[in-house]
Amino acid sequence: MLALSTSVAFAADGKLIATAGLSQIEGSGGGGIVPWATISGYDSRDQISAGAVVTQVDVDDYRLTMLGASLSFYDNIEVSIAQQRFEIKGAGIDIKQNIVGVKYRLYGDVVYSDWPQVSVGMQYKHLEDPAVAASVGAENSNSGTDFYVAATKVHLGALGGYNAVWNLTARATKANEMGILGFGGVKNDSYELMLEASAGILFSRNIAVGIEYRQKPDNLGLGEDNWTDYFISYIPSKDFNLTLAWAELGTIAGASGQSGLYLSLNGQLW
């Protein structure tokens, strides 16, 4: 699997380098697969920022492309939109899912407060063509909404003098494979609480390494697996960063062994 992600943002530079996070695969600010409590962009509390992102994940049986954009207001509110296009190779089938996300900071600052920054968010997801979701037994093949609360903290000089960051997210969801295969199914049609986490070490102002983990429900009985990735990020400035990860996604829609490389490039206009 090879994933390529690029993003741009503008009109803000009020945060410390590396504290704005990335754009995750559903369009929200955070890690690659986990939304964080951080508000996307480098806006401070008197600034506004905007960004755009494109991500492609290519595995043996499937290809996922995501286009998205986000606005963040005063480092307090984030609004994001995204479209995921999931292609089943060789079958001539494309599944498109549109996602609208909103995130609100409840408390704290990732660096300066004693306790973690805490935010709440939601992601409304709508499938343009629900036929595939219906065919695999999704209880709701049209739309669904995820709700989450996230806590993120940066600890300066915490590990041998190096900065460390962690995030913990609790997500209430019915989504099958993020919603690409609908919501709920024969095994379960109720919201379940899934845990997601990220942890990393900044070995300098410019190099970070870490791990992400995301629990996922198996509503359809297809053996849907949890996701893990191991990443290294190069962050030369607030204008640009590069992330390389090894992603282990397990079984997707009945096809096992979906793992490989994830490559992310993010840029800020000013």
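It should be emphasised that the depicted structure is a prediction, and the values quoted were computed from it without experimental measurement.

Participant: Quick question: what am I supposed to make of the side chain of Ser49 here?
Facilitator: Residue placement: Ser49 occurs in strand 4 (residues 48-58). With relative accessibility at 3%, the residue Ser49 sits in the buried group. At 2.5 Å, the side chain of Ser49 and the side chain of Ser72 are in polar contact.

Participant: Help me understand the packing of aromatic side chains in this model?
Facilitator: Both the distance between ring centres and the angle between the ring planes are used here to describe each pair of aromatic rings. This structure, assessed with the given rule, holds three aromatic pairs. Seen in terms of ring centroids, Phe147 and Tyr191 are 6.1 Å apart; in terms of plane orientation they differ by 55 degrees. Their pairing is tilted. Here Phe147 is found in strand 9 (residues 143-159), whereas its partner Tyr191 is found in the loop between strand 10 (162-173) and strand 11 (192-202), with 44 residues between them in sequence. Residue classification places Phe147 among the partly exposed positions, given a relative accessible area of 42%. The interplanar angle of 65 degrees and the centroid separation of 5.2 Å between the aromatic rings of Tyr162 and Phe203 together place this pair among those described as edge-to-face. In this pair, Tyr162 is assigned in strand 10 and Phe203 in the loop between strand 11 and strand 12 (207-214), connecting sequence segments 41 residues apart. With a relative accessible area of 37%, Tyr162 lands in the partly exposed category.

Participant: How do you make sense of the environment of Asn188 when you look at a structure like this?
Facilitator: By the secondary structure assignment, Asn188 is in the loop between strand 10 and strand 11. A C-alpha to C-alpha distance of 8.7 Å links Asn188 and Glu139, two positions 49 residues apart in sequence. Within polar-contact distance, the side chain of Asn188 engages the side chain of Glu192 at 3.2 Å.

Cut-offs applied
- Residues numbered from 1 in each chain as written.
- Predicted model: local features only at pLDDT ≥ 70, side-chain atom pairs only at ≥ 80, totals over all residues.
- Heavy atoms only, no water.
- Helix = DSSP H or I, 4+ residues; strand = E, 2+ residues; numbered from the N terminus.
- Buried < 20%, exposed > 50% of the residue type's maximum accessible area, 1.4 Å probe, protein only.
- Polar contact = N/O pair within 3.5 Å; in protein donor to acceptor, adjacent residues only side chain to side chain.
- Phe/Tyr/Trp six-rings, centres within 6.5 Å; stacked < 30°, edge-to-face > 60°.

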